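Overview (structure and organization)
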Amino acid sequence: MNVLLLGREEDCRDYLDYAEQQGFTVRFFDPPQLAADDRENWRRTVAEAARAAVDLTGVDDVISFHDSYQIQLELLRGELGMPTRDIDTLLCLADKTRFKAHPAVRDHITRHIELDPSAKAPQALAAVSEALSFPVVVKPSNGFYSAGVVKAGTPEEFPKAFLQTKRVCTVLREGSGRSLMLAEEYLDGNEYAVDGMVSDGRIIPLQIHRKLPPLVGPLFHEVAYLTEPFDAELGRDFVALLDSVVPGVGLDNSPFHAEFRFDGEGRLRILELAPRLCGGGTTTYQQLRICTGLDAYGLLHRLGREAIDPEPLHHRVALEYDAPIERSGFLKNTARAVEVCRKNDVTTVHLHRQDGQFVLAPPLNFETVLTAYFARDTREEAEALLDVLMTDCTIETETEKSS
């Protein structure tokens, strides 16, 4: 199979390893940004840029794990006569302001307001205080990897949170041309995520992630996913919400990564619905392989071409560990963290950045440094392993680069 992947090669190592095992040929294309007021020319813009960069002859599939490239992905797939998803649906899912305003979604979310990114902190605080109750969470409208997501427990804490998120929005606007700010009431309940597929209108939840340690703020970097095969009976609330939202927004023949949180009264709320595999593809693929034996990349290539009906081959528990960065700086001693993972029977470990590279700590971080995947038989074993990793597998930085 000849695959064209929209994104950067350094961000797709997991898929490249998979493609090599399968005998696939993979080429990469970094698509152009699209101007909001030039929609009638979007397809031509993407197609011309792609043909100038790569040979499209014989391409069997076009994929992307990047949030910001889902529109370009569908435009290019349409140009090449491949199955496509609805562009308006993808535009809605790529922007939290549009998503939260959608009729199929607005009854299943927490109260929120949109903030003017050009406003000063006192103006924004006045708007939040009038419309919402503290604590609140401030976030970019089109962020990822929890960058810029900050909790303000009181009005006194709001200005710092606002400025942190504003900095991230500035970076996002430089890359995608649009990033607004949202403030929403904090939901004081456990947070979960569900990965799955939509095939010919059928919603297929495949696995459920419990986020650990509990995300209570002020920052929301996701250190670990404890993952199990999705149980439709235990996950009735998730199924009901997905059955309402997914067809309502028009998503079909697509992977999805949905995030949820329970509110203080035990009601399930939806936070986002991304039309892609999770974690650059890696989280969905590695976790699903461990938990069920299913091949997420293989399912992705079949979507829209044939109906899929995956059945788990086994039932195990997976732990994904995303080593946190305590402070911004130059990386050091990354090999030690990798060795800790190996000593704890790691299934797969990806070191995305090397010693000497500068990395940002939350809430300004956009890049993963080390991600490791572990297989265990029970939830209790996975939780015990996380305790070990949180102590022994840490990523160190220094303020000055070593010579």
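Keep in mind the model is a prediction, meaning the values are calculated, not measured.

Along the protein chain, the regular secondary structure elements total 12 helices and 18 strands. The C-alpha atoms of the protein chain give a radius of gyration of 21 Å, which matches the 22 Å a tight globule of 403 residues would have. Along the three orthogonal principal directions, the C-alpha set of the protein chain runs to about 60 × 55 × 55 Å. Taken over 403 residues, the protein chain has a buried fraction of 55%. Here the contacts in the protein chain between residues at least 6 apart in sequence split such that 67% fall between residues at least 24 apart. In the structure as shown, the protein chain presents an accessible area of about 17700 Å², 47% of it carried by carbon and sulfur atoms.

What follows covers the sheet that holds strand β17 (residues 370-376). In space, the 8 strands of this open sheet follow the order β12-β11-β8-β9-β10-β13-β17-β15, with antiparallel pairing throughout. The open sheet has two edge strands, β12 (268-274) and β15 (348-351), and neither has a second partner. Strand-to-strand twist of the sheet, defined as the mean angle between neighbouring strand axes without regard to direction, takes the value 25°. Examined bridge by bridge, strand β8 (residues 191-199) and strand β9 (residues 202-212) share 8 bridges and lie antiparallel to one another. Along β9, the bridge assignment pairs tyrosine 192 with arginine 210. On top of the sheet, helix α8 (residues 236-249) reaches β8, β9, β11 (254-262) and β12; it is set at about 45° to β12, its chief contact.

Our focus in this paragraph is the pattern of salt bridges. The final tally for this structure, using the stated rule, is 27 salt bridges. The residue arginine 202 makes a salt bridge to aspartate 309 at a minimum N-O spacing of 2.7 Å. With arginine 202 in strand β9 and aspartate 309 in the loop between α10 (296-302) and β13 (317-322), this pair connects stretches of sequence that are 107 residues apart. Ionic contacts of the salt-bridge type, sharing partners, join the residues Arg8, Glu10, Asp11 and Arg353 into one network.

Moving on, we come to helix α1 (residues 13-22). Here α1 has its buried residues at Asp14, Tyr15, Tyr18 and Ala19. All buried residues of α1 fall inside an arc of 135° around its axis, so they share one side. Away from the buried face of α1 by more than 90 degrees, exposed residues Glu20 and Gln21 are located. Among the structural elements, β1 (2-6), β2 (25-29), β3 (61-63), α9 (282-292), α10 and β15 are those in contact with the buried residues of α1.

What describes a pair of aromatic rings is the distance from one ring centre to the other and the angle between the planes of the rings. Across all of its chains, the model carries 15 aromatic pairs by this definition. An angle of 90° between the planes, with centres 6.5 Å apart, marks the rings of phenylalanine 134 and phenylalanine 158 as edge-to-face. You can see phenylalanine 134 sitting in the loop between α6 (121-131) and β5 (136-140) and its partner phenylalanine 158 sitting in helix α7 (residues 158-176), a full 24 residues away along the chain. Taking relative accessible area as the criterion, phenylalanine 134 reaches 23% and is therefore assigned partly exposed. Here the aromatic rings of tyrosine 192 and phenylalanine 238 are separated by 5.7 Å at their centres, their planes lie at 70°, and the arrangement is edge-to-face. In this pair, tyrosine 192 is assigned in strand β8 and phenylalanine 238 in helix α8, connecting sequence segments 46 residues apart. Taking the relative accessible area as the measure of exposure, phenylalanine 238 reaches 6% and is therefore buried. Joined through ring pairs, the aromatic side chains of Tyr15, Tyr18, Phe24, Phe65, Tyr285 and Tyr297 make up one cluster. The side chain of lysine 151 reaches across the aromatic face of tyrosine 186, ending 4.0 Å from its centre.

On to the nonpolar core. Where a protein is soluble and globular, its nonpolar side chains tend to be buried together. Of all hydrophobic cores here, the largest spans 29 residues; its most connected members are Leu319, Leu370 and Phe374. The set of elements that each furnish at least two residues to this core consists of β10 (224-229), β13, α11 (334-343), β15, β17 and α12 (379-392). Contact partners of leucine 370, with chain neighbours within four places excluded, come to Tyr321, Asp322, Ala323, Ala337, Val338, Cys341, Val349, His350, Leu351, His352, Cys393 and Ile395. If you look at the next biggest cluster of nonpolar residues, it comprises 25 residues, including Leu93, Phe99, Leu242 and Val245.

This next bit is on the pairing of β10. Across the 6 residues that make up β10, a large majority, 6, are buried. Across 6 bridges, β9 lies against β10 in antiparallel orientation. Along β10, the bridge assignment pairs leucine 212 with alanine 224. The sheet contact formed by β10 and β13 spans 4 bridges and is antiparallel. In the sheet register, tyrosine 225 faces β13, and the bridge partner there is glutamate 320.

Tracing the backbone shows arginine 261 in strand β11. Among the residues examined, arginine 261 registers a relative accessible area of 4% and is labelled buried. With 75 residues separating them along the chain, arginine 261 and tyrosine 186 place their C-alpha atoms 9.8 Å apart. One polar contact links arginine 261 to glutamate 191, side chain to side chain, over a distance of 2.5 Å.

The N-to-C vectors of helix α2 (residues 42-53) and helix α3 (residues 70-79) enclose an angle of 80°; their axes lie 9 Å apart at closest approach. Relative to α3, the element α2 lies roughly perpendicular. Contact with α2, carried on its side by Trp42, Arg43, Val46, Ala47, Ala50 and Arg51, involves Ile71, Gln72, Leu75, Leu76, Gly78 and Glu79 of α3 and no other residues of that element. In terms of residue class, the contact of α2 with α3 is made up of 7 nonpolar, 2 polar and 3 charged.

Time to look at the sheet that holds β2. With parallel pairing, 3 strands are arranged side by side in an open sheet as β2-β1-β3. On the outer flanks of this sheet lie β2 and β3, each paired with one strand and no other. Across the sheet, the mean angle separating the axes of adjacent strands is 25° when strand polarity is ignored. Relative to β3, β1 is paired through 3 bridges, and the arrangement is parallel. Opposite leucine 4, over in β3, you have valine 62 as the bridge partner.

Criteria and cut-off values
Residues numbered from 1 in each chain as written. Predicted model: local features only at pLDDT ≥ 70, side-chain atom pairs only at ≥ 80, totals over all residues. Heavy atoms only, no water. Helix = DSSP H or I, 4+ residues; strand = E, 2+ residues; numbered from the N terminus. Rg over C-alpha atoms; globule rule 2.2 N^0.38 Å. Buried < 20%, exposed > 50% of the residue type's maximum accessible area, 1.4 Å probe, protein only. Contact = heavy atoms within 4.5 Å. Areas by Shrake-Rupley, 256 points an atom, 1.4 Å probe, with all protein chains shown as cover. Pairing = 2+ DSSP bridges. Axes fitted to C-alpha atoms, helices over the stretch in contact; angles between N-to-C directions. Salt bridge = Lys/Arg side-chain N within 4 Å of Asp/Glu carboxyl O. Arc of directions from axis to C-beta. Phe/Tyr/Trp six-rings, centres within 6.5 Å; stacked < 30°, edge-to-face > 60°. Lys NZ or Arg CZ within 6 Å of the ring centre and 35° of its normal. Core = buried A, V, L, I, M, F, W, Y, C linked by side-chain atoms within 4.5 Å. Polar contact = N/O pair within 3.5 Å; in protein donor to acceptor, adjacent residues only side chain to side chain. Parallel < 35°, antiparallel > 145°, perpendicular 65-115°, else oblique. Nonpolar A, V, L, I, M, F, W, Y, C, P; charged D, E, K, R; others polar.

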